[in-house]
Structures are given as structure tokens and as C-alpha cells.
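Chains, contacts and geometry: an overview
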Amino acid sequence: MIISMSIENWMSFRHRSTFSMVASKERQHGERLAQLKKYQMRVLPISAVYGGNASGKTNLFKALSFAKTLVVKGTQPEGIIPVEPFRLDPACAKEPSRFSFELLIDDTIYEFSFSVTRTTVEEEKLVQIFSTSEKVLYHRKDGKPNFHPSFDNEEFLKFAFQGTRDNQLFLTNSVNQKVEEFKPIYEWFRSTLDLVAPDSRFEPFEQFLQEDHPQYPVMNDTLAQLDTGITHLGGEEIPFENLNFPDSLKTKLQEEVPEGMTVRIVAEPVGDRFVITRKGGELIAKKLVVHHKGIEKDKDIKFEMRNESDGTQRVIDLVPAFLELMRPTSSKVYVIDEIDRSLHTLLTRKLLERYLSSCSQDTRSQLLFTTHDALLMDQKILRRDEMWITERDNQGNSSLLSLSEYKDIRFDKDIRKSYLQGRLGGIPRIILSDPMVCREETTVHAGEKH
């Protein structure tokens, strides 16, 4: 679970901004909060981020994406760290960008932080947090790792650190060097954190196409209940070598898809969708198709995915994430940018309500999403501390603010109205003139000129 995260000098976030999933003292919807008794803490299962266009919502999503890529894939020996500092102040280009994450992994909280420029990891720190104290596992600074003296294999850790390049995280290199002590944090970024962009084209995908998969009937039932008209999904197997993919994509799949993993590919410009799974060392490809109930009794009609609406395709993309989130033993953290893209607001609401109804004090999954859908800004669904606003000031700097910080918002207040009226910030400052007035003025001036 994400406990909190902070970013500084990243894209539109010039100053340090902190996003927290720690629950406030309010009681509303308290039954669904994760209870961390060891830390005497309650953690939110969900969070919605609102804000006007270019306010910073997607930049928050990109910060997580950047961190995941830097941890999991790392950098090339002579490569540039693809960090994006605040560009509106030239001085920020010379300063490092800073990232900090507090994460619950199994039953322990860790704080992992790093500061990077385009060429160098200037600082990196991993801290294990206990209920009343903390332990700095390592603190990379001034070219030294500064390991905690309790490590029995400190000499080996120092040897592993010597092979860490200036443009590389030690966390990443330590896993490459078979260091087990720090692997859980690496695995959290690699396997627990899942990012879903509005136009994702190459991402992990649960294998729901096999009839013997335990979630296969649930997936189909959910699609039917969401009024998609789909009776069930299907997959037509195609030899991998026959796929009309660019050679570069085929090579990427061969290199990056491990045994047992399934990824989804959207083939542009046609829009056909494929799922690729590695079984027994071989890549197996299936073309995703859907079946609708025909007019004739007991006869289904097959449709290509490209024939489905954007909304239906988006539902098929999102339902697997929600099914995984609702699994009682799941620890997945899904971050979805623009969750409402191509979806009717009632459909989005139903997906959120279904997930939240499955949450309890033992839940360890989380859903974070950005949205413009003001109808979801409803305290019957979300607590005040589960709703955040991104705001961009006149200097182009983004900031984050939880609605729980507004002291005058009662639990029974219609906050949607206050938000749309601009009382809470996070809405676009539109300065366009009335086009009818402009046309009238143009006509008057033209007449005078003649």
C-alpha cells in the first residue's frame, strides 16, 4: 500500500508536495479502512484526484511512472536519467528532482527516497520504519552507501555498491547483484504497482480468456451487468511469428515477457487487441474477440474488438483491475489516469462502489485515480480525505490539497456545488470572451470602416 509520497522539482511541481493515504480522524465510511494495528494507523483504500486541465493531475501519475521505470528498468551505462524538472524557472534545471515514498510491504512500512539530476543519483535512502523507531538500511550520499552496521554481509553489500553507476539506483543494482535484503522494495515497484494510462498499449493483463481461469465467469458476468451487451470474451490463438507487429515490438516482447506473464497489445491503426502469454518458454498470442447474443435463440455473434465502442473497450481494460482489487488477498495498487475516459458517469460510479463494498480493515489493495467527473465528488461514495485537488498558481507551480483540510466542509455538505463554483480551487480559469459579442463588435467596426 502507498502510505504517502512526496515530489519536488518534478514537471509542474516546483515545491515539495505530499500526497497521503493516511486516514484522518473523520468517521465516515470507517468500516472500509485498512487497519494497521502495529502502527496504530488507518489507511485509505481509494483516492480521487481532481483539478483543471494542466493543473498537475497527470504529472502526479507520471511521477509514479518515472519512479517505477527508474527502479525496475534502470538506465543504460551512458544513458540520461529521463527526469523532468520544473521548466518555468531556469534555476530548477540545475537542481535535483526529489521523490519519496512510504510503502507498506507485507506488514512493514519502508521509506524509499532519491534525488536525481539527468546524469546523477545524488542521494538515495532506504529506511525501515517500526512502530516507535526507524532503521536506516542504507543512505547513499557523497558516493558512500552508509549501510546499517547490523548487516552480517556488509562487506558484500559494499562490493555490490561499487558496481553501481552514478546514473543508477543502488536499489536496482543490488537486485541485479542478487542482494535479497532490499528486493521487497524493488518487487513492490515491479509487481505491486500497476499504472493504467488512458491510452495504454503494452501492459500486464490478467489471463481471463481461458474458461478454466477462476475469474473467467466473473469477468463475463461483470461485463453483462455493466450493460455492454457482451455475453463473453474469447480468444483466437495465432502463431506468434504470424503477428503483423513491428520487429522492434516482437523483440521487446521476447525480451520482457517472463514465464507465466500476460500482456495486452493494441495493434494500431486497426485497433485489434491481442494478449501475449509465455508458457513453457514460448510466446502464445491470442486475438481478443467478444460475443454478443444474437436474435436467434442460443446463438451468439462474434465481434472483433475494433467494432466495439471506445467505452466498451475501456471497460474491458478496467474490469480486470477491479476484479484484482476486490480479491481478498490482493495487495495490488492500481493508479488509473483519467478513469472516466469514454465511460458514462453511472458506470464509473458502479465500478467504484463495487470495489469499496469489498473493502474492510484487512484490505491491502488500493485504487488511486485522476478524474474530471464531478458527479463522483459525492460523500456518499468518497470521504473528504479521499478527495484531492491539484491547483496551478500564476507562476505555473502545481500544489496538492486534500478536501479534509477544508475545515468548513461538513460530512453532509454538497461539495460538488462548492467545487464547481470555484470555492475549493482546482477548476480551469477560463477567460474566453463571448463569441457572439466578438462577432457583433467585428460587424460594427466593419460598418464604421466602410
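1. Comments concerning the pairing of strand E7 (residues 108-116)
Of all nine residues in E7, eight are buried; the element is thus mostly enclosed. Taken together, the nine bridges between strand E6 (residues 97-105) and E7 define a ladder with antiparallel strand orientation. Along E7, the bridge assignment pairs Leu104 with Ile109. Connecting the antiparallel pair E6 and E7 is a turn made up of two residues, with Asp106 showing a positive phi of about 60°. Relative to strand E8 (residues 121-129), E7 runs antiparallel, the two sharing eight bridges. Across the sheet, the residue bridging to Phe114 is Glu124, located in E8.

2. Brief notes about empty space enclosed by the protein
Counted under the stated rule, the structure contains one cavity of 30 Å³ or more. Forming the boundary of the largest cavity are Phe19, Val49, Lys57, Leu60, Phe61, Leu64, Val335, Leu368, Phe369 and Thr370. Secondary-structure elements contributing two or more residues to the lining of the largest cavity are helix H1 (57-72) and strand E18 (366-370). Across the lining of the largest cavity, the residue classes tally to eight nonpolar, one polar and one charged.

3. Quick look at the environment of Asn173
Relative to the helices and strands, Asn173 is located in helix H3 (residues 170-176). Classification of Asn173 by relative accessible area gives buried; the value is 5%. The sequence separation of Asn173 and Ala224 amounts to 51 residues, and the corresponding C-alpha distance is 46 Å. Here Asn173 is in contact with Ala160, Gly163, Thr164 and Gln168, once residues within four sequence places are set aside.

4. Quick notes on helix H6 (residues 247-256)
Those residues of H6 lying buried are Leu249, Lys250 and Leu253. In an axial view of H6, the angular spread of the buried residues amounts to 100°, which keeps them on one side of the axis. Residues of H6 that are exposed and point more than 90 degrees away from the buried face comprise Asp247, Ser248 and Glu255.

5. Regarding the packing of aromatic side chains
This structure, assessed with the given rule, holds 18 aromatic pairs. Arranged with centres 6.5 Å apart and planes meeting at 90°, the rings of Phe147 and Phe151 form a pair that is edge-to-face. Among the aromatic residues, those joined into a ring-pair cluster are Trp10, Phe66, Phe99, Phe101, Phe112, Phe114, Trp188 and Phe189. If you follow Lys135 out to its NZ or CZ, it ends over the ring of Phe151, 5.8 Å from the centre.

6. Some details on the packing of H1 against helix H4 (residues 183-192)
For the pair H1 and H4, the least separation of the axes is 9 Å and the interaxial angle reads 125°. The angle between H1 and H4 places the two elements in the oblique class. Here H1 and H4 pass one another in a crossing that is left-handed. Note on element contacts: H4 touches H1 through Tyr186, Phe189 and Arg190, opposite Ala67, Lys68, Val71 and Val72. Here the contact of H1 with H4 is composed, by residue class, of five nonpolar, no polar and two charged.

7. Quick word on the sheet that holds strand E17 (residues 333-336)
Ordered in space as E10-E17-E18-E5-E19-E20, the six strands form an open sheet in which the pairing is mixed. Either end of the sheet is taken by a strand with one partner, and the two such strands are strand E10 (193-196) and strand E20 (398-402). Averaged over all pairs of adjacent strands, the angle between strand axes in this sheet comes to 20°, irrespective of strand direction. Judged from the five bridges that link them, strand E19 (residues 387-392) and E20 form a sheet pairing that is antiparallel. Paired with Ile389 across the bridge in E20 is Leu401. Strands strand E5 (46-51), E10, E17, E18, E19 and E20 of the sheet are contacted by H1, whose axis makes an angle of about 135° with E10. Across the sheet, H4 lies against E10 and E17, angled at about 35° from E10, the strand it touches most.

Rules and cut-offs
Residues numbered from 1 in each chain as written. Predicted model: local features only at pLDDT ≥ 70, side-chain atom pairs only at ≥ 80, totals over all residues. Heavy atoms only, no water. Buried < 20%, exposed > 50% of the residue type's maximum accessible area, 1.4 Å probe, protein only. Helix = DSSP H or I, 4+ residues; strand = E, 2+ residues; numbered from the N terminus. Pairing = 2+ DSSP bridges. 1 Å grid on protein atoms, 1.4 Å probe; cavity = no way out; pocket = protein on both sides within 12 Å on 5 of 7 lines; lining within 4 Å. Points joined across faces, edges and corners; volume = space filled by probe spheres on them. Nonpolar A, V, L, I, M, F, W, Y, C, P; charged D, E, K, R; others polar. Contact = heavy atoms within 4.5 Å. Arc of directions from axis to C-beta. Phe/Tyr/Trp six-rings, centres within 6.5 Å; stacked < 30°, edge-to-face > 60°. Lys NZ or Arg CZ within 6 Å of the ring centre and 35° of its normal. Axes fitted to C-alpha atoms, helices over the stretch in contact; angles between N-to-C directions. Parallel < 35°, antiparallel > 145°, perpendicular 65-115°, else oblique. Left-handed = near helix turned anticlockwise from the far one by under 90°.

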